[in-house]
Amino acid sequence: MRPEKTRQIALVATLAVPLGLLHAFVGAEICIALVDVLFLAESFRRRDFAWTRRVWFRLAIAWWLWLLFCSTPLPWPGFGTDGWTGFVQALVIVRLLLFAAALQNWVLTTGRARRAAWIMLALSCLWIGVESWQQYLTGHNIFGNPRFFDGSLTGPFWKPRAGALYAHLLYIGLLPVAMALIHRPGWRRFLGMALLVLGVATSVLIGQRMGVALTGLGLVVAALYLRALRLPLLLALAAACALLLATPLISPATHGKLVGETSENFHDFMQSPYGELYTVGVNMGLQSPWHGWGYRSFRVSCLAPRFNTGLPALGIPPTEASRGACNLHPHNYYVQAFCEGGLPGLLLFAALMGVWTWRAARGLWRAPDPFRTGLFIAVLTYTWPIASTDEFPTLYMLGWFFFFIGLTLASADAARPILENKHG
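Here is what the cut-offs are and how they apply
- Residue numbers run consecutively from 1 along every chain, following the written order of its sequence.
- pLDDT decides what is reported in this predicted model: residues at 70 or higher carry local features, side-chain atom pairs at 80 or more are listed and counted, and totals for whole chains, interfaces and linings draw on all residues regardless.
- Hydrogens and waters are ignored; side-chain quantities use all the structure's heavy atoms.
- Only DSSP runs of H or I reaching four residues or more are called helices, and only runs of E reaching two or more are called strands; each is numbered from the N terminus.
- The globule rule is 2.2 Å times the number of residues to the power 0.38, and the radius of gyration it is compared with is taken over C-alpha atoms.
- Relative accessible area decides the class of each residue, using a 1.4 Å probe on protein chains only: under 20% of the type maximum gives buried, over 50% gives exposed, and in between gives partly exposed.
- Two residues form a contact once any of their heavy atoms are found within 4.5 Å.
- Here, Shrake-Rupley sampling with a 1.4 Å probe gives the accessible areas, and only protein chains in the shown set may cover a residue.
- This count recognises Lys and Arg as positive and Asp and Glu as negative, with His and chain-terminal groups excluded.
- In plain terms, the charge of a residue is placed at NZ if it is Lys, CZ if Arg, CG if Asp and CD if Glu.
- We place a 1 Å grid over just the protein atoms. Points where a 1.4 Å probe fits but has no way out form a cavity, open points with protein on both sides within 12 Å along at least 5 of 7 lines form a pocket, and any residue with an atom within 4 Å of a point lines it.
- Grid points are joined across faces, edges and corners, and a volume is the space filled by probe spheres set on the points.
- Charged residues are taken to be Asp, Glu, Lys and Arg, nonpolar residues to be Ala, Val, Leu, Ile, Met, Phe, Trp, Tyr, Cys and Pro, and polar residues to be all remaining types, Gly included.
- We call a set of buried Ala, Val, Leu, Ile, Met, Phe, Trp, Tyr and Cys residues a nonpolar core when their side-chain atoms join them within 4.5 Å.
- A pair of sulfur atoms, both from cysteines and within 2.5 Å, is called a disulfide here.
- Aromatic pairing here means that ring centres of Phe, Tyr or Trp (its six-membered ring) are within 6.5 Å. Orientation follows from the plane angle: under 30 degrees is stacked, over 60 is edge-to-face, and everything else is tilted.
- Whether a charge sits over a ring depends on NZ of Lys or CZ of Arg being within 6 Å of the ring centre and within 35 degrees of the ring normal.
- Multiply 1.5 Å by the residue count of a helix minus one, and that product is the helix's expected span.
- What counts as an axis is a line fitted to C-alpha atoms, over the stretch in contact for a helix, and the angles between N-to-C directions run from 0 to 180 degrees.
- Geometric relationships in this document are graded by angle, where less than 35 degrees denotes roughly parallel, more than 145 denotes roughly antiparallel, 65 to 115 denotes roughly perpendicular, and other angles denote oblique.
- In this scheme, a crossing is called left-handed if the near helix is turned counterclockwise away from the far one by less than a right angle; it is called right-handed if the turn is clockwise.

Student: Would you take a moment to explain the overall build of the protein for this structure?
Tutor: Secondary structure assignment for the protein yields 16 helices and zero strands. In terms of overall size, the protein behaves like a compact globule, its C-alpha atoms giving a radius of gyration of 22 Å where 424 residues would be expected to give roughly 22 Å. For the C-alpha atoms alone, the extent of the protein along its principal axes is close to 70 × 65 × 45 Å. Looking at the protein as a whole, 53% of its 424 residues qualify as buried. Once local pairs closer than 6 in sequence are excluded, the contacts in the protein between residues at least 24 apart make up 71%. Accessible area of the protein: about 18500 Å², with a carbon and sulfur share of 69%. Each charge sign in the protein was given a centre, from 33 positive and 19 negative side chains, and these centres are 13 Å apart.

Student: Teacher, can you tell me more about empty space enclosed by the protein here?
Tutor: Gaps between atoms show up when a probe of the same size as a water molecule is rolled over them. The final tally for this structure, using the stated rule, is one cavity of 30 Å³ or more. What lines the largest cavity is simply Trp63, Leu67, Tyr333, Gln336, Ala337, Glu340, Gly341, Gly345, Phe349 and Phe392. Of all the secondary structure elements, the ones that give two or more residues to the lining of the largest cavity are helix 3 (55–71) and helix 14 (333–361). A total of seven residues in the lining of the largest cavity trace back to one element, the largest contributor, which is helix 14. Counted by class, the lining of the largest cavity contains six nonpolar, three polar and one charged residues.

Student: Looking at this structure, I do not really get the nonpolar core. What am I missing?
Tutor: Where a protein is soluble and globular, its nonpolar side chains tend to be buried together. Counting 109 residues, the largest nonpolar core has Trp56, Phe401 and Phe402 as the members making the most contacts within it. With 13 residues, the single largest contributor to this core is helix 7 (residues 162–182). Those residues within four positions of phenylalanine 402 in sequence are excluded, and the remaining contacts are Leu96, Leu97, Phe99, Ala100, Leu103, Trp356, Phe392 and Pro393. Phe298, Ala325, Val335 and Cys339 belong to the second-largest nonpolar core, a separate cluster that totals 11 residues.

Student: What is the right way to look at the state of the cysteines in this model?
Tutor: Working definition: the covalent bond between the sulfur atoms of two cysteines is a disulfide. Overall, the coordinates contain one disulfide when judged by the stated rule. Residue cysteine 70 stays outside any disulfide, its sulfur separated by 11 Å from that of cysteine 339, the closest cysteine.

Student: It is not clear to me how the packing of aromatic side chains should be interpreted in this structure. Could you clarify?
Tutor: Centre-to-centre distance and the angle between the planes together describe a pair of aromatic rings. Scanning all chains against the criterion turns up 30 aromatic pairs. Each ring, one from phenylalanine 69 and one from phenylalanine 79, has its centre 5.2 Å from the other, and the planes form 65°; the classification is edge-to-face. Of the two residues, phenylalanine 69 is situated in helix 3 and phenylalanine 79 in the loop between helix 3 and helix 4 (83–91); the sequence distance between them amounts to 10 residues. Sitting over the face of the ring of phenylalanine 157, arginine 161 holds its NZ or CZ atom 4.0 Å from the ring centroid.

Student: How should helix 8 (residues 187–206) be read in this particular structure?
Tutor: An ideal rise of 1.5 Å per residue puts 28 Å on 20 residues; helix 8 measures up with 28 Å between its terminal C-alpha atoms. Here helix 8 has its buried residues at Gly192, Met193, Leu196, Gly199, Val200, Ala201, Thr202, Ser203, Val204, Leu205 and Ile206. A positive phi of about 85° marks glycine 207, the residue just after helix 8.

Student: I'm lost on the packing of helix 1 (residues 3–23) against helix 6 (residues 111–138) in this one. Help?
Tutor: Running from N to C, helix 1 and helix 6 point in directions that differ by 15°, and their axes come no closer than 10 Å. Here helix 1 lies roughly parallel to helix 6, going by the angle between them. Judged by the twist between their axes, the crossing of helix 1 over helix 6 is right-handed. When helix 1 is examined against helix 6, the residues Leu11, Leu15, Pro18, Leu19, Leu22 and His23 are found in contact with a partner set consisting of Ala113, Ala116, Ala117, Met120, Leu121, Ser124, Trp127 and Ile128. Broken down by class, the residue content of the contact of helix 1 with helix 6 amounts to 12 nonpolar, two polar and no charged.

Student: Looking at this model, I keep getting lost on the side chain of serine 301. Mind explaining?
Tutor: Assignment of secondary structure puts serine 301 in helix 13 (residues 297–301). Here serine 301 is in contact with Thr81, Met284 and Phe307, once residues within four sequence places are set aside.

Student: Sorry, what's going on with unusual backbone geometry here?
Tutor: Trans peptide bonds make up most of the peptide bonds, and negative phi angles are found at most residues other than glycine. A cis amide bond links phenylalanine 392 with the next residue in sequence, proline 393, at an omega value of -5°. Within the element layout of this structure, proline 393 appears in the loop between helix 15 (370–383) and helix 16 (395–423). Residue arginine 47 is not a glycine yet carries a positive backbone phi of 55°. Take arginine 47: it is sitting in the loop between helix 2 (25–46) and helix 3.

Dropping the structure here:
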């Protein structure tokens with residue numbers, strides 16, 4: 001098969017990944033595996049493995065190998081708490097690292113391929129937004145699912161996945177379109193402003209706390225980098241605040257979720273479900289600081305009495321399962337890295353997140369670009385440490401992250417020669 005044909009197949013598989021992540025995880029897994037295999041085959045054919053010398057890839061492999069070592073069921077206490085199941089789950093993480101490398105170095109190296117990837121992400125964001133409004137206005141989404149029992153809108157899903165995912169996707173799809181419209185005269189300028197307001201307001205209406213917080217973070221970053229959009233973004237912020245104030249009337253369930261539960265959790269955060277989870281996770285890391293307990297150890301050990309003693313040195317009382325001290329994961333990537341890989345695992349993971357975030361932002365201040373700014377926000381809203389998160393790197397949320405990373409790095413590579421020629 002001709003190399004160009006192989007890359008076209010890989011591109012088609014890549015563009016199908018967002019569809020799979022939305023509604024068919026098995027399909028997404030198959031497409032990611034296909035891209036990985038084709039990328040490795042092409043690397044062997046060309047005898048070109050220069051991509052393995054990239055700083056981020058070496059950091060990623062170092063973190064993965066360390067996690068794999070910590071997850072191996074060795075005959076010493078603390079290693080491989082979840083047995084061979086956890087080891088295998090850690091082993092296959094490499095597929096996502098290869099996927100990001102394939103996108104950066106092969107699949108998305110052309111402008112046409114990157115535009116196609118952007119279209120798929122923008123359509124995914126639009127789909128979540130449209131289905132959220134349908135569920136709000138009619139009571140059900142297209143699949144007949146009502147809003148979740150806690151009041152949040154689920155968009156096209158059956159459980160509350162829409163909020164955080166919409167926030168990750170929002171600025172990728174919205175900023176390039178809004179910028180193009182606002183730079184044009186007449187009604188198109190007002191349409192661009194209206195899209196910004198509607199996009200941010202939709203996040204509030206979905207009613208998931210983390211999604212709203214990440215949308216706010218993205219709004220601040222977008223206003224910082226894109227001066228031409230500062231006034232429209234300020235209007236979007238004002239509209240979102242007005243919508244939040246109006247939720248007791250237009251959506252009491254949203255108000256209860258965003259305001260009531262948030263106030264209750266922050267009243268005594270360390271004894272809220274999130275505080276309890278973080279306390280147990282930190283305790284696990286402190287009790288095995290050099291190698292942690294291995295991948296997925298939290299779900300196995302979070303009820304163990306030795307990890308539920310609280311943190312007396314900080315005045316934090318013992319944790320209780322009834323207050324939410326146990327779950328499938330500790331709901332924070334960095335706490336998870338600490339309890340699974342100890343201090344070395346945490347440092348490697350934090351360094352990897354830092355390199356990815358830095359590469360996403362590099363050059364944006366000198367040459368503002370709405371597309372790259374949207375990608376930077378998408379990456380930052382994942383790597384930002386102060387957040388309630390899913391388990392890293394489960395596919396249904398983190399598959400998007402590795403797609404973002406590959407597209408972001410490919411876009412940064414394409415912009416680099418322009419920046420060097422422009423600024424010397």
